[in-house]
Amino acid sequence: MKSNLKNPGLSLTFSIKVSMLLIITACRIIGSDGDSVDGDYSINCVSDIVCTNAVSDDWVYLGLGEEAVQTIAINPCNSAHILAGTAQSFSSDIQGKIFRSIDCGESWEQVWEGGSVSQVVFDHQDPDIVYASPHGMIRSMDGGESWSIIDEGLAPHMSFTQRVLGVAVDPRDTRRVYASIGGFGAGWLFYTDDRGNSWEPIPGKGDFDRDIDDNRYLNGDLPGPILIDPTNPDVLYISPLDIRLLLKSEDRGMSWNLLLKEDNAEIYPIVFSPDYSSIYAIVRSHGGLAEGGLFEYNLQDGETQLHPLPYDTDFAPQSMIISEKTNDLIIVVGLGIYYRENNEWYNYTGESITGWLLTLETRGNLLYTGARRTDSALNDGGIYVRLL
């Protein structure tokens, strides 16, 4: 069908299969190149396109069924602009890829091939700049149409088993980007102050005779995410996977302090609570080695709570996010998606998805998930969307 999108000073007409609505959003003031106004680091978005190709009672398939979609990123100023990163398959000799859509997922263009793309992240002050981690680091300066390798300073620390798993962009000064390396029980955290042109290790790597605070714990497997406090971007949190602890930095990652160590319990993944007063994490039971559940760490007083979860916690969680609509939790485990609203859990898996679920992303009242196919004869991987 025909869809006419109108923007002040611009008229576009093109053919797509999805209905979209253009809304004008409130403008926000931001500083440039690291300066901010009253702590607001949001991009000055003039308009945004709202995708309307989702329904409320089940998932809508958006394509890429032969792929294992393990990360999804949405342009902060244009919801129709979606990037999807896929996993590598050694058994099938399939490389990971990045796919780009500018029509709410109705059509896709492959823009990268190689490695296994674990994360794609937009610069929220300049969405033309995008970072991705297929093994090392790559960057796009044109919204994901083309990519270049930016691993100077990272390459000597990577190997077949060591790769970049987590990426985070400082919301105040987007020249500052963090990359965590992990894999098979070892890793480290790196940073750049020039948008990835060169990378430096956080102090203390390999210097265990002269430990810098608790930086030695960064030597664990760092899968990400790297949490940056948006109210004070000097403050970071990370949870090394293999040694099951929570670390905090108050100086942009230069020195770290141990907040918590839980024996026999993976604390992963981690997200902020909506008011940034706590950190939520999933604790996996590991066949009874630990009590599984939703772990809550209060950042004000250090108190901890363990809340029940609506699924078998022996399954490894894949992703956890906060809903933009309700400010509550959504969790994806390989066999299901669970949504918490008003402290009640709901199963959002539906009947349309039969693949193994890998990731989540949300924008407004839309929820996206990615999956890998469970059978080579079935194209039941790919990307899906539904209304919350």
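Preceding this paragraph is the structure being described.
Criteria and cut-off values
- Within every chain, residues take consecutive numbers counted from 1 along the sequence as written.
- Whole-chain, interface and lining totals are the exception, using all residues; otherwise, since this is a predicted model, local features are given only for residues with pLDDT of at least 70 and side-chain atom pairs are given and counted only at 80 or more.
- Hydrogens and waters are ignored; side-chain quantities use all the structure's heavy atoms.
- Strands here mean DSSP runs of E at least two residues long; helices mean DSSP runs of H or I at least four residues long; both are numbered from the N terminus.
- Partly exposed describes any residue whose relative accessible area lies between the buried limit of under 20% and the exposed limit of over 50%, with all areas from a 1.4 Å probe on protein chains only and scaled to the type maximum.
- Pairs of N or O atoms within 3.5 Å make up the polar contacts considered here, provided that, within protein, one atom can donate a hydrogen while the other can accept it, and that residues adjacent in sequence are counted only when both atoms are side-chain atoms.
- What makes two residues a contact is simply this: any of their non-hydrogen atoms within 4.5 Å.
- What makes a salt bridge here is a side-chain nitrogen of Lys or Arg within 4 Å of a carboxyl oxygen of Asp or Glu, nothing more.
- For two strands to pair, DSSP has to find at least two bridges joining them.

Chemist: What exactly am I supposed to notice about the side chain of Asp170 here?
Modeler: Locating Asp170 in the fold gives a position in the loop between strand 14 (163-169) and strand 15 (177-182). Looking at Asp170, the relative accessible area reads 0%, which means it is buried. Of note is the side chain of Asp170, whose polar atom sits 3.2 Å from the side chain of Arg252. Aside from chain neighbours lying at most four places away, what touches Asp170 is Arg176, Ile228, Pro233 and Arg252.

Chemist: Quick question: what am I supposed to make of the pattern of salt bridges here?
Modeler: Between side chains of opposite charge, a pair can form when the charged atoms approach closely. Applying the stated criterion across every chain yields a total of ten salt bridges. Here Glu145 makes a salt bridge to Arg100, at a shortest N to O gap of 3.9 Å. Taken as a pair, Glu145 in the loop between strand 12 (138-140) and strand 13 (148-149) and Arg100 in strand 8 (residues 97-101) lie far apart in primary sequence, 45 residues in all. Judged by its relative accessible area of 47%, Glu145 is partly exposed. For Arg100, a relative accessible area of 14% translates into the label buried.

Chemist: How should the sheet that holds strand 14 be read in this particular structure?
Modeler: Spatial strand order, 14-15-16-17: four strands in an open sheet with antiparallel pairing. Two strands in the sheet have a free side with no partner beyond their single neighbour: strand 14 and strand 17 (200-201). Pairing of strand 15 with strand 16 (residues 188-192) involves five bridges; the strand directions are antiparallel. Each residue of the ladder has a partner; that of Ile181, found in strand 16, is Trp188.

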